[in-house]
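Fold and geometry: a report
If you want the building blocks of each chain, they are given just below.
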Amino acid sequence: MPSSSPSRVSVSQLKPRLLLGPGPSPVSGRVLRALAHPTLGHLDPQFLTLLDDVSLRLRGIFGTGNEATLAVSGTGSAGMQAALANLLQPGDTAIVGIHGYFGGRMAEMARRLGAGVVAVEAEWGRVLEPERLIDAHRAHPRARLLSVVHAETSTGVRQPIREVGAYLSGTETLFVVDAVTSLGGIPVGVDAVGIDVCYSATQKCLGAPPGLAPISLSSRAVDVVRRRKVPVSSWYLDVGLLMDYLGAGHVYHHTASSNLFFALHEALQEIEEEGLEARHDRHRRVGARLRLELGARGFTLFGDPGHQLPELTSVRLPDGADAVRLRHALLERYGIEVGGGLGPTGASVWRIGLMGNGASEASVERLVGAVDELGIGSV
């Protein structure tokens, strides 16, 4: 019996959502208008000038003077792949901190690149004590890199990084930090912390659509890339080639999406106009209010309460509440998207993002109002 034909839809039929999950985050009308600007060629002089300005503005957000600061075509996972593929060669040692889903992804990528992975693990929801990471390096002093996730999106936990950065600065091991969910939401401070490679994504706290992965490499990281004995395994993500295109030389490499760069440029302008410290404070303030409101309704935090991210709150629902069913009800009845759990958190957790333009009092009020109407918990 022939299968039924797939349903036909048009974009105009799609319902808007309030994106309060772990990403993407809401995009402002101003950024959407920039996204819709007439497309330019990837070698158009106007576009190349804009690329230079994007790199300049990203340095300010990262807190760095690194010349090798650019936005890679691809999502945050492309940024992760670019960081690891450029630094690691077969036989290298990579120390990887794992206290959630995305630390595990870094370890898997490193293994696929032929590196020997030294995993430093903590229970999901807990931070990795800096001394454990430092001890791992003392046991493997010739490691090519040590990597951690700054803002673990799977758990809502903020990993301390400053002590590790200070220690590694006196070694030849490179410090790699995943800032996918932290950049633009909490301070990162690439130069102040001593981070050698830091990557992020546009669709979280930066407030732009998905599709670009900002990344910044220190001069010593760039030197490691240049001194490689074998070519970078990924031609598409080869930082040397990308710097020739996205940097001052503008040598053709690939067809970058001018529209995505228009949107990112506008989002970076919004951040500069608000002020980075003010933006961090806004995320802190609304995140604290969300935790207060949910706590009053019987929700409990998943993870270390002393290291909670303001922009991503992971919570268990009150006893008896069906987290999966109620998450679907929230989407279908109220048009609000929140995320479910990953890995061991499974079906028991909601991951609520207040990121970028979604980090507002109005977002908290709309979500809490829907929670009350659904009868979850009690005030």
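Our structure is the block above this text.
Here's a quick rundown of the structure. (Residues numbered from 1 in each chain as written. Predicted model: local features only at pLDDT ≥ 70, side-chain atom pairs only at ≥ 80, totals over all residues. Heavy atoms only, no water.)

With that settled, consider the pattern of salt bridges. Side chains that differ in charge, positive against negative, can pair when their charged atoms come close. Here the structure, examined in full by the defined rule, presents 19 salt bridges. Between Glu 273 and Arg 30 there is a salt bridge; the shortest N-O distance is 2.8 Å. In this pair, Glu 273 sits in helix H10 (residues 258-274) while Arg 30 sits in helix H1 (residues 29-35), placing the two residues 243 residues apart along the sequence. Glu 273 sits in the exposed class, given a relative accessible area of 55%. Given the relative accessible area of 26%, Arg 30 is considered partly exposed. In this structure, Asp 196 and Arg 220 form a salt bridge, with 2.8 Å as the shortest nitrogen-oxygen distance. Note that Asp 196 is positioned in the loop between helix H7 (190-193) and strand S9 (197-199) and Arg 220 in helix H8 (residues 219-226), a separation of 24 residues in sequence. Through salt bridges that share partners, Arg 289, Glu 293, Arg 297, Glu 361, Glu 365 and Asp 372 make up one connected network. (Salt bridge = Lys/Arg side-chain N within 4 Å of Asp/Glu carboxyl O. Helix = DSSP H or I, 4+ residues; strand = E, 2+ residues; numbered from the N terminus. Buried < 20%, exposed > 50% of the residue type's maximum accessible area, 1.4 Å probe, protein only.)

Taking 1.5 Å per residue as the helical rise, helix H4 (residues 101-112) with its 12 residues ought to reach 16 Å, and the 17 Å between its terminal C-alpha atoms agrees with that figure. Each element contacted by the buried residues of H4 is listed here: helix H3 (76-87), strand S3 (93-98), strand S4 (116-121), strand S5 (145-149), strand S6 (151-152) and S9. One or two positions beyond H4, positive phi appears at Gly 114, with a value near 90°. (Expected span 1.5 Å × (residues − 1). Contact = heavy atoms within 4.5 Å.)

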